[in-house]
Amino acid sequence: MKNIRPIIEINHLSYRYERENVLEDINLIVHKGAFLGIVGPNGSGKSTLLKLILGLLRPQNGEIRLFGEDIKQFKDQHKIGFVSQKANSFNSGFPATVYEVVSSGLTKKIGMLRFHKNEDSLKIKKAIAAVGMEKFVDRNIGELSGGQQQRVFIARALVSDPELLILDEPTVGVDAENVHSFYEMLSKLNRDGITLIMVTHDIGAISDKVTNVACLNKALHFHGTSHEFETEKTNGMSDIYGHGVHLLNHDHHHEHEGAQL
Amino acid sequence: MISGILQYEFLQNAFFSGIIIGLIAPLLGVFIVVRRLSLIADALSHVALAGIAASLFMGKNFAFFSGLNPLYMGMAFSVGGAIFIEKLRTVYKHYQELAIPIILSGGIGLSVIFISLADGFNTDLFSYLFGSVSAVSRADLWTIIAISIFVLLTIFLMYKELFLLSFDEEYAKATGIAAKTIHFIFIVMVALVIAASMRVVGILLVSSLMTLPVAASIRLSRGFKQTILFSVIFGEASVIGGLFLSYYLDLAPGGTIVMIAVLILLVTVLIKKLSNLRAV
């Protein structure tokens, strides 16, 4: 495995907003085929790390390499699919059908001043089918449930054939009974060869779903396979967030204390 | 009016300008509404007013400007205002909506100064404020045609980028499209369409032609393309109906056009209510 070029390689990455350190000396490697869960409490720098990987923020210290290339030179954004925290950036009254939303995922790949071709509509339908939403192709996105919308956004990310799919808190807004089938779908995508990175604050939910776990609280406090993670967790030895208490009761009130450590 | 259109050049000008505006204002309006930028159209129309007032004032006092169509100066001001709004939005990152009242009041302030300097209102300015069926010149019509060709071509060529940017700005940036450039072209188009529309509907009512048909369309349509289609149909119905009423009742067309648009909006709300009742 080690001789294969990693999909993401982060070396000594730090980031600060004005005076506050958000990320401290992050080192992280993601290999092809992995399903990495990044867990951490609110304010632990998860979203900042994602924005840096996606090129929405520039690294201040350290480097990020995507597919072996320095992020400053990286031009193949279509290799990376991104599913954002839905509530942040999406106007639920927007008059667009599922088909239109998914087709917008091809915008960059097709390129400026070029138009959709016939084979693109096949790709779009395939991506919609891959997330099990083929019955809703012509429905307005605002009419769907939170979980269905999230599936549509995954289809939008899949339509450009990404090798890496990044999901930011994808189960927020997905009702409890659908969370399981949602993770099933992600696992299937992973088996089909797509590398996945999923950010979540829900530490309990993920260790049996993912192959690797990284615990983030400004710095990386744990990075290993999900099996190692389970062992660490049951032994209760490790300072996974830099503050062992969190792991046991996952109490939000303590998070700020943890952040200071 | 039909025979009048065949007979009189001024009616042809007003009628064809109206048909073009009924197409491009709601078309661009769909993108404006879904991006929640409706107020920017209002702000820019007031900046355009300052340009018109400046041009009328200078035309009165300097021979060089008297031959210049005030529309050009209105266009220049409105595009300048659009660029300024974008600058302000980057200065006030956390108060982006602040750019709108700054530009709006700046535009009105400047207009009032030029109007006072030019010794108050005259009928010319009145027609710019509320629209006119008789004041649209052939030169205006050509300018409006040129603007509409630019706008239609741009939307046709950049439809998928504009759609993506409107739907999800953060995602658009993450995919690596030239979001800033596209947004800039978009805002310049808005400024141009405002300048083109003010001759027929008037400066005070320009933004309504960009928003009311869209507001009605969103209630009924499925998907983005259908929203555009219905918006344009409602826009054309308002403009053509409004121009006829304006001609026969001798009213300023701005008023009649906007009132028809309001009527259409009310009807769509009612239809939606009824169909919801039936569904229950």
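In the annotation of an unreviewed UniProt entry, chain B is listed under the name Zinc transport system permease protein and assigned to Mesobacillus foraminis. Recorded in UniProt under Sequence similarities (unreviewed entry), the annotation for chain B is "Belongs to the ABC-3 integral membrane protein family."

Chain A is annotated in an unreviewed UniProt entry as Zinc transport system ATP-binding protein of Mesobacillus foraminis. As its UniProt record puts it under Sequence similarities (unreviewed entry), chain A is described as follows: "Belongs to the ABC transporter superfamily."

Residues and elements named next belong to chain A. Spatially, E6-E7-E8-E3-E9-E10 is the arrangement adopted by the six strands of the open sheet, whose pairing is mixed. Strand pairing shows two members of the sheet lacking a second neighbour, strand E6 (80–83) and strand E10 (219–225), which therefore form its edges. With strand direction ignored, the average angle separating the axes of adjacent strands in the sheet is 15°. Pairing of strand E7 (residues 164–168) with strand E8 (residues 195–200), which is carried by five bridges, proceeds in the parallel orientation. Residue pairing for E8: Leu 165 is matched across the bridge by Leu 196. Against the sheet, helix H7 (residues 176–191) contacts strand E3 (35–39), E7 and E8, and its axis sits at roughly 150° relative to E8.

To continue, consider the packing of helix H6 (residues 146–158) of chain A against H7(A). Residues and elements named next belong to chain A. Between H6 and H7, the shortest axis-to-axis distance is 12 Å and the interhelical angle comes to 10°. In terms of orientation, H6 lies roughly parallel with respect to H7. Contacts between H6 and H7 involve Gln 150, Arg 151, Ile 154 and Leu 158 on the former and, on the latter, Ser 181, Phe 182, Met 185, Leu 186 and Leu 189. Here the contact of H6 with H7 is composed, by residue class, of six nonpolar, two polar and one charged.

What counts and how
Residues numbered from 1 in each chain as written. Chains lettered and ligands numbered in written order. Predicted model: local features only at pLDDT ≥ 70, side-chain atom pairs only at ≥ 80, totals over all residues. Heavy atoms only, no water. UniProt positions renumbered as here; feature names shortened; annotations may be inferred. Pairing = 2+ DSSP bridges. Helix = DSSP H or I, 4+ residues; strand = E, 2+ residues; numbered from the N terminus. Axes fitted to C-alpha atoms, helices over the stretch in contact; angles between N-to-C directions. Contact = heavy atoms within 4.5 Å. Parallel < 35°, antiparallel > 145°, perpendicular 65-115°, else oblique. Nonpolar A, V, L, I, M, F, W, Y, C, P; charged D, E, K, R; others polar.

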